[in-house]
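# Structural overview
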Amino acid sequence: NVQSDSLDRALRIYTTIIHLLQLRGHQIVAEDRWHTYAVVNEEKIPLQLSEKNKQITNTESNYPKYLTVPSGKLKFEIPRSSYFRLNPVCVEDTANMKIEDKILNIIAKIEYEAISIKEEREEMERLRHQQEEERKRRELEEQKKREIEEKRKKELKELKRAFFSAECYSLANILRFYMERYESFL
């Protein structure tokens, strides 16, 4: 993503990065015109090479107030590829050093990013597994609570039935006693 003045330089840099990654045993995947990835240790790392723009005041009209023009300075970026890392990894041209002198640093950053992504994914998997275990434990506790509550309700129902039977038995005895007395009275 550069202007035509910087295109040859950008292509040389990108070609060098691609060749070095391939020499180190990594793959390069271009999914479409805008997305290029380095596959490092089975991790897909997005790559971007672009030209920085500078903002100048628009002297021709009031709108827009500022115009962006290419600066001729390139930046190589590994966009945010993980949940935990908010800022992209970026290597830029500086006043003292061009991006061409930082290519080995770029390769190291790409490989380090692959390691970081793998560690983060393993950590996320560990957390997911831990949460799954916690969820299963909670479900088991809930099931035990439901079973205890059902057992308590069943026992209460049986106790009420027993009290009702005892009350009926007591009333039946009272009625028998009354009938015996009444018959003997007659």
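Data block above holds the structure.
All of the points below concern the structure found in this document. Bear in mind the structure is a predicted one, so any value in this text is a computation, not a measurement.

### Here's the deal with the sheet that holds strand 5 (residues 89-92)
Taken together, 5 strands build an open sheet; the order of strands is 1-2-3-4-5 and the sheet is antiparallel. This sheet does not close on itself; its edge strands, each paired only once, are strand 1 (27-30) and strand 5. Adjacent strand axes in the sheet meet at a mean angle of 40°, parallel and antiparallel pairs treated alike. Taken together, the 9 bridges between strand 3 (residues 43-57) and strand 4 (residues 66-78) define a ladder with antiparallel strand orientation. Bridging across to strand 4, glutamine 48 finds its partner in glutamate 77.

### Focus: the pattern of salt bridges
Overall, the coordinates contain 14 salt bridges when judged by the stated rule. A salt bridge links arginine 135 to glutamate 139, with the nearest nitrogen and oxygen atoms 2.3 Å apart. Of this pair, arginine 135 and glutamate 139 both sit in helix 2 (residues 103-185), 4 residues apart, which is roughly one turn of that helix. Residue class for glutamate 139 comes out partly exposed when judged on its relative accessible area of 42%. In this structure, a network of salt bridges that share partners links the residues Glu134, Arg137, Arg138 and Glu141.

### Topic: unusual backbone geometry
The residue asparagine 41 is not glycine, and still its phi comes out positive at about 50°. Considering the arrangement of structural elements, one finds asparagine 41 in the loop between strand 2 (36-40) and strand 3. Although it is not a glycine, glutamate 42 sits at a positive phi angle of roughly 65°. Mapped onto the secondary structure, glutamate 42 falls in the loop between strand 2 and strand 3. Judged by relative accessible area, glutamate 42 falls into the exposed class, the value being 77%.

Here is what the cut-offs are and how they apply
Residues numbered from 1 in each chain as written. Predicted model: local features only at pLDDT ≥ 70, side-chain atom pairs only at ≥ 80, totals over all residues. Heavy atoms only, no water. Pairing = 2+ DSSP bridges. Helix = DSSP H or I, 4+ residues; strand = E, 2+ residues; numbered from the N terminus. Axes fitted to C-alpha atoms, helices over the stretch in contact; angles between N-to-C directions. Salt bridge = Lys/Arg side-chain N within 4 Å of Asp/Glu carboxyl O. Buried < 20%, exposed > 50% of the residue type's maximum accessible area, 1.4 Å probe, protein only.

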